[in-house]
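Structural description and commentary
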Amino acid sequence: MVPRLCKVGLFFKSRKRFKIFRSVSVINMSSRTGPEDTKKPFVDKYFECAENGNKEELSFLLKSTVNVDQRNEKGWTALMFAARHGQTGVIETLLEKGCDTNIVNKTGQTAQDIALFWDQNLAAKLIEAHMKEENPDQQLRNFFSLNHLDRASEKRKDKDWLQAKISDETSQFLLLSELKPFVLPIKDKTSKWRYRLCWLDHNKISSHLTSDTVILFLGIDHSSSQSLFAIDVSGKEESKFKDLQPEGSFMVPFPGSLQMEPSDAGIFAEARSMMDWLERYKFCATCGSSTDITEGGHKRVCRNQECKSNKGIHNTAYPRTDPSVIMLVISADGKRCLLGRKKQFPAKMWSCLAGFMEPGESIEDTVRREVEEESGVKVGRVDYHSSQPWPFPASLMLGTIAYAKTEDIKVDEDEMEDAQWFRRPEIVQMLTHQHPQGLYIPPEQAIAHQIIKSWVRNTASSNL
Ligand SMILES: NC(=O)c1ccc[n+]([C@@H]2O[C@H](COP(=O)([O-])OP(=O)(O)OC[C@H]3O[C@@H](n4cnc5c(N)ncnc54)[C@H](O)[C@@H]3O)[C@@H](O)[C@H]2O)c1
Ligand SMILES: [Mg+2]
Ligand SMILES: [Mg+2]
Ligand SMILES: [Mg+2]
Ligand SMILES: [Zn+2]
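Small disclaimer: the values here were computed from a predicted structure and weren't measured. (Residues numbered from 1 in each chain as written. Chains lettered and ligands numbered in written order. Predicted model: local features only at pLDDT ≥ 70, side-chain atom pairs only at ≥ 80, totals over all residues. Heavy atoms only, no water.)

1. Regarding the site of ligand 1
- Surrounding ligand 1, one finds 17 residues, the nearest of these being Lys 342, Ala 354, Phe 356, Glu 374 and Glu 415.
- A distance of 3.0 Å separates an oxygen atom of ligand 1 from a polar atom in the backbone of Ala 354.
- Glu 370 places a polar side-chain atom, nitrogen or oxygen, 3.1 Å from an oxygen atom of ligand 1.
- Elements with a contribution of two residues or more to the shell around ligand 1: β10 (322-330), β12 (353-356), α12 (363-375), β13 (379-390), β14 (395-404) and α14 (447-458).
- Looking at the shell around ligand 1 residue by residue, the classes come out as eight nonpolar, four polar and five charged. (Near = heavy atom within 4 Å. Polar contact = N/O pair within 3.5 Å; in protein donor to acceptor, adjacent residues only side chain to side chain. Helix = DSSP H or I, 4+ residues; strand = E, 2+ residues; numbered from the N terminus. Nonpolar A, V, L, I, M, F, W, Y, C, P; charged D, E, K, R; others polar.)

2. Points about the pairing of strand β11 (residues 336-342)
- With six of seven residues buried, β11 is to be regarded as a mostly interior element.
- Strand direction decides the pairing type here: β10 and β11, joined by two bridges, are antiparallel. Each residue of the ladder has a partner; that of Val 329, found in β11, is Leu 338.
- In this structure, the hairpin formed by β10 and β11 is closed by a connection of five residues, where Gly 334 is found at a positive phi of approximately 75 degrees.
- Across seven bridges, the pairing between β11 and strand β15 (residues 416-423) is antiparallel. Its bridge partner being in β15, Arg 341 is matched across the sheet by Asp 418. (Buried < 20%, exposed > 50% of the residue type's maximum accessible area, 1.4 Å probe, protein only. Pairing = 2+ DSSP bridges.)

3. Notes on the side chain of His 298
- Along the chain, the position of His 298 falls in the loop between β8 (291-294) and β9 (299-302).
- Engagement of the side chain of His 298 in a polar contact is seen with the backbone oxygen of Phe 217, the distance being 2.8 Å.
- Residues contacting His 298, with those up to four places away along its chain left out, are Arg 156, Leu 216, Phe 217, Glu 270, Met 274, Trp 277, Ala 317, Tyr 318 and Pro 319. (Contact = heavy atoms within 4.5 Å.)

These results come straight from atomic positions and should not be treated as a statement about function.
Have a look at this one:
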């Protein structure tokens, strides 16, 4: 959506920002000496280069000191300055360096919104083309859903194929110990991610395979034609695996996995939820007998030939996914949204309300029921936003925007610590970590963040 902001207003705001920004930077240089302050002249220069189209100096600053997605106090990035001024050469450089095109500034605009607003059509086209290349379906893909593997479900029933792939020298294995993935640190300081999955080939792991090792087929990586598996090494001494890869370590999944390279985080989500199911559902839910793992770990079959679960299709034989709804509730006047604090949340963090679906319930009705249970607010229309697998242990978050019919709040004190209406400017402060009391919302890896950001972005022109 193109924001319908007053162009003159934005222009003056932008000019004023430059004056204030530059004068502050002079004061900072002479009066304060913290690491951020010593960086500030370089950051100022970086934004100036983006605005003026000085590609060479901008590239130099990126190599030496400045983070590509560095923001100023108004939440503007270099890409936004380049978009505002139609600096296509700089835009190309920033896109090559992997800048994030989804960042919003404090008024809720992305770089593309800014380019369109200022009629910088070439700049807007460049950014759009890049976004399309990264995401051809033009659909928001939330963290944990960027699993690029072909799950090749048709291969799971082919025991010979699976066996051959398990001992194939090109196949790759991910170790999980007590659901902790074996990971490597990302050393590139310019990356915003800290971990990637550590893949090991059959030679390395074969001595750890026994007849009862759980081996899970994850899928095929088409770019390398490799088959990928996860194996459960729980109960073995974790330090032993250091011999296989000295820099590897077993990472505590929450919150560590939020700092995993996104495509790996998607594979991890599959591996963790599946391994958790394989570990916890060892006995038949219908008759209590032992079960055997089949189909590359994607099915459990009851050993009791007479068991009902062996006749017809039974969902007890298959991995669990628990659908949950998560919703941003908007007030009837469109100016506020409802956020809550669960008792377990870290101090000062507020998020969307959420809740598990019940059998026989539609998404819309679950949203209405959960919002009313948790906050006492009645909801009318519910619109779908996007979804997110949440592998703790196996939720599927169905993100929605819900429109309130009432205002009064009555908090469910069993589940929630508090629920409150927040006006848009305060939400923007929480989104950009500028809130005077330090309130904030979950990080970008959580679907809650993305739904809130969408609302802020879609209301950028409405002066709320
Ligand atoms: N990704 C995100 O941004 C995000 C944000 C908020 C919540 N979540 C996730 O959403 C899920 C649901 O939210 P909630 O905890 O508020 O739900 P909720 O409001 O339904 O309350 C949780 C309670 O529901 C009961 N329950 C019903 N079905 C359950 C099931 N299948 N598994 C576990 N408990 C069940 C339990 O008593 C539990 O204590 C959780 O897994 C949570 O981690 C994700
Ligand atoms: Mg809840
Ligand atoms: Mg609830
Ligand atoms: Mg519930
Ligand atoms: Zn059974």
